[in-house]
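# Geometric and topological summary
Chain by chain, the residues:
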Amino acid sequence: MKFGIVQFPGSNCDRDCYHVASRVLDQDAEFIWHRDRDLDDVDVVVLPGGFSYGDYLRTGAIAKLSPVMQEVADFAESGGPVVGICNGFQVLLETGLLPGGMLRNESLHFICRDVHLRCNRSGSAFSQTLDVGEVLEMPIAHAEGNYTIDEAGLAELRDHDQIVFQYCDADGGVGRSSNPNGSVENIAGICNRRGNVVGMMPHPERASESILGGTDGRALFESALEYAAG
Amino acid sequence: MSEVDLKELALTGGLSEAEWDHLLETLGRDPTPAEVGVVSAMWSEHCSYKSSRVHLRKLPNEGASVVQGPGENAGAVDIGDGKAAVFKMESHNHPSYIEPYQGAATGIGGILRDVFTMGARPIGLLNSLRFGAPEFEKTPYLFQGVVDGIAGYGNCVGVPTVGGDVYFDDAYNQNILVNVFAVGVTDIDDIFYAEASGVGNPVFYVGAKTGRDGIHGATMASEEFSDEDEEKRPTVQVGDPFKEKLLIEACLDLMETDAIVGIQDMGAAGLTSSAVEMAERGEVGLRIDVDKVPAREPGMTAYEYLLSESQERMLVVVEEGREQEVSRVFDKWELEWAKVGEVIEDERFEVQEDGDTVVDLDVPLLTSAAPMYDRPTERPAYLDDLSTPDVSPADDLGEALSDLLNAPNITSKRRVYEQYDHMVGVGTVVRPGDGDAAVLRVPGTDSALAIAVDCNSRYCYVDPREGAKLAVAECARNLACVGAEPAGTTDCLNFGNPENPEIMWQFVEAVEGMADACATLNAPVVSGNVSLYNATGAGNIYPTPNVAMVGHFDGALDDGDGEGASTCGSAFRNAGDAVLLLGETDPSDVGASEYLKRQADDVGGAVPTLDLEREVAVQAAVRELVRSGTARSAHDCSEGGLGVALAESCIGTDGLGLDIDIEPGDRPDLELFAESPSRVVVSCPTEDIAEVVDVARSHDVPVMELGAVTGDGRLRWGGLLDVAVSDLRASFESGLDRLDEDLGE
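Overview of the structure. (Residues numbered from 1 in each chain as written. Chains lettered and ligands numbered in written order. Predicted model: local features only at pLDDT ≥ 70, side-chain atom pairs only at ≥ 80, totals over all residues. Heavy atoms only, no water.)

In this section: the overall build of chain A. Each helix and strand counted, chain A has five helices and 11 strands in total. Its C-alpha radius of gyration of 16 Å places chain A within 12% of the 17 Å reference for a compact globule of 230 residues. Dimensions of chain A, computed from C-alpha atoms along their principal axes, come out at roughly 45 × 35 × 35 Å. With 230 residues in all, chain A has 62% of them scored as buried. (Helix = DSSP H or I, 4+ residues; strand = E, 2+ residues; numbered from the N terminus. Rg over C-alpha atoms; globule rule 2.2 N^0.38 Å. Buried < 20%, exposed > 50% of the residue type's maximum accessible area, 1.4 Å probe, protein only.)

Each helix and strand counted, chain B has 27 helices and 28 strands in total. On C-alpha atoms alone, chain B measures out to a radius of gyration of 26 Å, which is about the 27 Å that the 2.2 N^0.38 rule sets for 745 residues. Considered along the principal axes of its C-alpha atoms, chain B spans approximately 85 × 55 × 50 Å. A total of 745 residues make up chain B; the buried ones form 65% of that total.

Okay, a negative patch on the surface next. Residues and elements named next belong to chain B. On the surface, a cluster of negative charge is contributed by Glu195, Glu280, Glu283, Glu345, Asp346 and Glu347. Position of Glu280 among the secondary structure elements: in helix 11 (residues 270-282). Of the residues examined, Glu280 reaches a relative accessible area of 33% and is grouped as partly exposed. (Patch = residues over 30% accessible without salt bridge, like charges linked within 9 Å, V, L, I, M, F, W, Y side chains within 5 Å. Areas by Shrake-Rupley, 256 points an atom, 1.4 Å probe, with all protein chains shown as cover. Salt bridge = Lys/Arg side-chain N within 4 Å of Asp/Glu carboxyl O. Lys, Arg positive; Asp, Glu negative; His and termini not counted. Charge placed at Lys NZ, Arg CZ, Asp CG, Glu CD.)

Below, the discussion takes up the interface of chain A and chain B. One frequent convention defines the size of an interface as the accessible area lost when the parts assemble. At the junction of the two partners, chain A supplies 30 residues and chain B supplies 36 residues. Across the chain A to chain B interface the summed buried area is about 2800 Å²; carbon plus sulfur atoms make up 56%. Put simply, chain A and chain B have four salt bridges between them. With its nearest N and O atoms 2.7 Å apart, the salt bridge here joins A:Glu209 to B:Arg441. Applying the counting criterion to the chain A and chain B interface returns 14 residue pairs in polar contact (both at pLDDT 80 or more). Counting only elements with at least two residues in the side of chain A that touches chain B, the list comes to helix 1 (14-24), strand 6 (111-119) and strand 7 (135-142) of chain A. (Contact = heavy atoms within 4.5 Å. Buried area = accessible area lost by both parts, 1.4 Å probe. Polar contact = N/O pair within 3.5 Å; in protein donor to acceptor, adjacent residues only side chain to side chain.)

Okay, the environment of B:Ala556 next. Residue and element names in this part refer to chain B. Tracing the backbone shows Ala556 in strand 21 (residues 544-556). The class of Ala556 is partly exposed, set by a relative accessible area of 37%. Separated by 476 residues in sequence, Ala556 and Gly80 have C-alpha atoms that sit 9.6 Å apart. With near-sequence residues (within four places) excluded, Ala556 lies in contact with Asp446, Ser447, Gly564 and Ala565.

Moving on, we come to unusual backbone geometry. Residue and element names in this part refer to chain B. Positive phi is not limited to glycine here, since Ala592 has a value of about 65°. Within the secondary structure layout, Ala592 lies in the loop between strand 22 (578-582) and helix 21 (594-600). Even without being glycine, Asp601 reaches a positive phi, approximately 45°. Looking at the element boundaries, Asp601 is found in the loop between helix 21 and helix 22 (612-627).

Now for the sheet that holds strand 23 (residues 633-636) of chain B. Neighbouring strands of a sheet are bound in pairs by backbone hydrogen bonds; such pairs are parallel or else antiparallel. Residues and elements named next belong to chain B. Reading across the sheet, the seven strands line up as 23-25-22-26-24-27-28 and stay open at both edges, with mixed pairing between neighbours. Each end of this open sheet is capped by a strand with a single partner; those strands are strand 23 and strand 28 (721-724). Taking the axes of each pair of neighbouring strands and ignoring which way they run, one obtains an average angle of 20° across the sheet. As judged from the five bridges shared by strand 22 and strand 25 (residues 680-684), these two strands associate in the antiparallel manner. (Pairing = 2+ DSSP bridges. Axes fitted to C-alpha atoms, helices over the stretch in contact; angles between N-to-C directions.)

This brings us to the nonpolar core. Across soluble globular proteins, you tend to see nonpolar side chains buried next to one another. By size, the foremost hydrophobic cluster in this structure holds 91 residues, and its most contacted members are A:Phe3, A:Val45, A:Phe126, A:Tyr147, A:Phe165 and B:Phe330. Looking at this core element by element, the count peaks at nine residues for helix 10 (residues 241-255) of chain B. Ignoring anything within four residues of it in the chain, the contact list for A:Tyr147 reads A:Phe89, A:Leu93, A:Pro99, A:Gly100, A:Gly101, A:Met102, A:Leu157, A:Ser183, A:Val184, A:Ile187 and A:Ile190. Of all hydrophobic cores here, the second largest spans 62 residues; its members include B:Leu383, B:Ala473, B:Cys518 and B:Phe553. (Core = buried A, V, L, I, M, F, W, Y, C linked by side-chain atoms within 4.5 Å.)

To continue, consider a nonpolar patch on the surface. All names here are of chain A. A cluster of nonpolar side chains, contributed by Leu57, Ile62 and Leu65, occupies part of the molecular surface with about 310 Å² of accessible area. For Leu65, the location among the structural elements is in the loop between strand 3 (44-47) and helix 2 (68-77). With relative accessibility at 64%, the residue Leu65 sits in the exposed group.

Tallied over the full model, the rule gives 17 aromatic pairs over all chains. Ring geometry for A:Phe3 and A:Phe221: centres 6.3 Å apart, planes at 65°, overall edge-to-face. In this pair, A:Phe3 is assigned in strand 1 (residues 2-7) and A:Phe221 in helix 5 (residues 218-229), connecting sequence segments 218 residues apart. Both residues of the pair, A:Phe3 and A:Phe221, belong to the buried class. Ring centres of B:Tyr461 and B:Tyr542 lie 4.4 Å apart, and the angle between their planes is 25°; this geometry places the pair in the stacked category. With B:Tyr461 in helix 18 (residues 457-462) and B:Tyr542 in the loop between strand 20 (539-540) and strand 21, the pair connects residues that are 81 residues apart, well separated along the chain. Members of the aromatic cluster, joined through ring pairs, are B:Tyr172, B:Tyr382, B:Tyr461 and B:Tyr542. Residue placement shows B:Lys138 over the ring face of B:Tyr97; its charged tip is 4.5 Å from the ring centre. (Phe/Tyr/Trp six-rings, centres within 6.5 Å; stacked < 30°, edge-to-face > 60°. Lys NZ or Arg CZ within 6 Å of the ring centre and 35° of its normal.)

This part covers helix 3 (residues 87-95) of chain A. Residue pairs spaced three or four apart in an α-helix point in one direction, given the helix's 3.6 residues per turn. All names here are of chain A. Counting buried positions along helix 3 yields eight of nine residues, so the element is predominantly enclosed. For helix 3, every residue scored as buried is listed here: Asn87, Gly88, Phe89, Gln90, Val91, Leu92, Leu93 and Glu94. Remark: Gly96 follows helix 3 within two positions and exhibits a positive phi of approximately 85°.

So, about the packing of helix 7 (residues 100-116) of chain B against helix 8 (residues 139-157) of chain B. Residue and element names in this part refer to chain B. Relative to each other, helix 7 and helix 8 sit at 40°, their axes nearing to 7 Å. Of the two elements, helix 7 crosses helix 8, and the hand of that crossing is right-handed. Mapping the contact onto sequence places Pro100, Tyr101, Ala104, Ala105, Ile108, Gly109, Leu112 and Arg113 in helix 7 and Tyr141, Leu142, Gly145, Val146, Asp148, Gly149, Ile150, Gly152, Tyr153, Gly154 and Val157 in helix 8. Grouping the constituent residues of the contact of helix 7 with helix 8 by class yields 12 nonpolar, five polar and two charged. (Left-handed = near helix turned anticlockwise from the far one by under 90°. Nonpolar A, V, L, I, M, F, W, Y, C, P; charged D, E, K, R; others polar.)

When charged atoms on two side chains of opposite charge get close, those side chains can pair. Under the defined criterion, the tally for this structure stands at 55 salt bridges over all chains. Between A:Arg58 and A:Glu94 there is a salt bridge, and its shortest N-O distance comes to 2.8 Å. Taken together, the residues A:Arg58 in the loop between strand 3 and helix 2 and A:Glu94 in helix 3 connect sequence positions 36 residues apart. Residue class for A:Arg58 comes out partly exposed when judged on its relative accessible area of 45%. Ionic pairing is found between B:Arg113 and B:Asp265, a salt bridge with its closest N-O pair at 3.6 Å. One end of the pair, B:Arg113, is in helix 7; the other, B:Asp265, is in strand 8 (residues 260-265), with 152 residues separating them in the sequence. Each of the two residues, B:Arg113 as well as B:Asp265, counts as buried. Through salt bridges that share partners, B:Asp659, B:Asp712, B:Arg714, B:Arg716 and B:Asp722 make up one connected network.

All right, on to the pairing of strand 18 (residues 525-531) of chain B then. Residues and elements named next belong to chain B. Among the seven residues that make up strand 18, six are buried, leaving the element largely enclosed by the rest of the structure. Here strand 17 (residues 485-494) runs beside strand 18; their pairing, made up of six bridges, is parallel. Of the residues in strand 18, the one forming a bridge with Thr489 is Val525. Handedness of the strand 17-helix 20 (residues 501-520)-strand 18 crossover: right-handed. (Right-handed = clockwise from strand over helix to strand, strands pointing away.)

What follows deals with the sheet that holds strand 15 (residues 438-441) of chain B. Residues and elements named next belong to chain B. Strand order in the open sheet made by the six strands is 14-15-16-21-17-18, with mixed pairing throughout. In this open sheet, the two strands that pair with only one neighbour each are strand 14 (428-430) and strand 18. Each neighbouring strand pair of the sheet contributes to a mean axis angle of 25°, computed without reference to strand direction. Taken strand by strand, helix 19 (residues 464-481) contacts strand 16 (447-454), strand 17 and strand 21, and its axis lies near 25° from that of strand 21. Where helix 20 meets the sheet, it contacts strand 17, strand 18 and strand 21, and its direction lies at approximately 175° from that of strand 17.

Here it is, written out as structure tokens:
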């Protein structure tokens, strides 16, 4: 299996995702430059975290115009797994591949720390191997992760089981006190209706090796592989 | 321009009358305005180190691990596997006081360029910050601005900020300190140097365009501060971390091609100093045509091009005929590039503007022949006014401990480091707040390095020589507590006005103390920075010789398979574990302590006594215990002494506590809060107590059992102390809340 990791100018978790794909999971991996118009023969597309174009206009707003995004959209349309992490999630929102938008964190500060996540939907490209109710721990690192969507949109997310991850406490309880950024309904990650496009703010690539303090993130990448294998 | 006007320009630029006369005499003609700009920048304290250079030679800079000592953009040490750690620390004090966000942000940008200029991908940042008292009206604004600036820049470029320190004291009310450290890693054989060579080779300018920002930055950093300095805001540069990120990638890409002869970033004094320093190292000359320099706006003069400190720019000497490779790489990353000059044979710095030569100066005039001073020194009078440390016993040890944990200089810095991305790069093994030093995996390997920064400037105020030694000792001890051994040191020496003999005395004492300790601890100084004139009408800052070190583990780190060296954090791990103290407490070590400050509001006329041989032995013992995995936690005693160290080791756990089981002496408060150095608290399973004792004894280190980790979440010492760790944690986590309130959040 081959991971394709898209590099926008300003991506900074691209090498981290590459490391997990190649060194931790022992899979093929390659970088895809944002000007490329060919995804080659990758099985999973990863939009990594970082500050594409410096996030100067609005997070992800310029990256969506990169030539490669048309290819990514086509790949998603054909059912291929596309996962966006942090800035990658923001890019997916800007392109419309996922619904909703981002506000600045309620604290107005960048926040970098471990959080707990509750898996709310099994079977998506990033939760294929997870059970509903499973609690995972991994870091967040963002200033703009306060996910928002209007009432109707939220109802649709619920109706179509598109809320993949919610911030929770260590026991899986979803509440105000376990929400680090103010996101609506503690949303940490969502998917499209089909489940092949997933975006999330937390960083599974940072929690994929015991030496870094946790391995809960590895299951997400393994999910993507399994999803791609059908 | 008349000679009177030129002189005025030179004096405004920071030259003294004597230096101006010296320049005229050496040149034998009137300089051009652009030359005045070049000379005043290159002769500034910031660029020339004219007051410090004679003393910096005393610092040890040789050792088996040293790959590159002082004189390059950064120092480099061998960390095994054919790899080098490239690192340096620098100050950005004056700009950060005037414009805290951009001042701090561009400090990060500058220190990163020093590292990747040498071919090393940056993998970690530290910062060491000094602010005025939290109650001082400007402190909340400056504090938040600096932290935001570091976060804004560091997070965007994708280099983790993994540690540092923050202190508050009245001495910094009008002159904050922002010192930043960066470390990168590369193959030893692939290090790049900032040396121009090969007559006829083209000189390329790459990165961002040049604007009028930052002109006179180097001069500003070489003068005392005054009230008007806030009007100098236009001399503060504006950073663009996105551009820096592209520049990192582009430079590392270009370095893969072997087309580069020499490369240097444009830091203080911009194009001028980068060109002159590259020429000097290569014993060649450089000819630059400012009309070719990519400009942000039209109409800039040679003077402005030469002194602009616009950020995210580099100068690269490329092998003749390989210009295409520069354009290929920099076009890909959408960065500016232009051929702006060439290497010439004569050791001259020549600048062309509109076809005219506007600068034509001997390179040595600007570098080796620049003024150098051995300034007079005098023991400061204030030292005689410091009192013998005296503090009456606290009524309630629990309250005194809680008070210390809430003190701004001890309290948790979580609210700071959680604003920094400290995990990007998937290499942060020991995170900020979790251990005494940060541990970073070396990318692509199973080995790791440790980094720490330290300086207790109150100690240095009371005794600069011993204070500097104590800073070095603590920094190396912090490495030992995670299992690492010093490979090399960098420093950032922040002092007041060197023209004041008392300040110069502090400087010389501190440098000599640092030299002594670095030699004994086998931690050669491979790079560094001096920041003088940290003074305002209100007085000079505390002498603050910040010390940062890179440590190695002598091989791979255990990644869970039981092979390689272990590392550990500072928090206790398991109920039932034994807690032991390596080293000894001397209750009289209370001078300059946080306890004395909090209880008696006094500084005191003595610092804790350091025995460097003991320090070496304690560190060796701790390192052995941590690497073997015998010690499950290790934490050194620093501000707040043993009491604070023990409390912190409890606070970092999920519900553990400690029963202290030692016989108290006359002054249990001093046993807890005296700041004797060379002490480390370790915990281990009870069956390993004998092993800890054996290792300590084999290094001739005193060791005693302090007690046992408990599962009940209380810190207890017989009938003297019994407090809930949750209460201590609440106190520890809230010591900086007042800074938020003052910002009205």
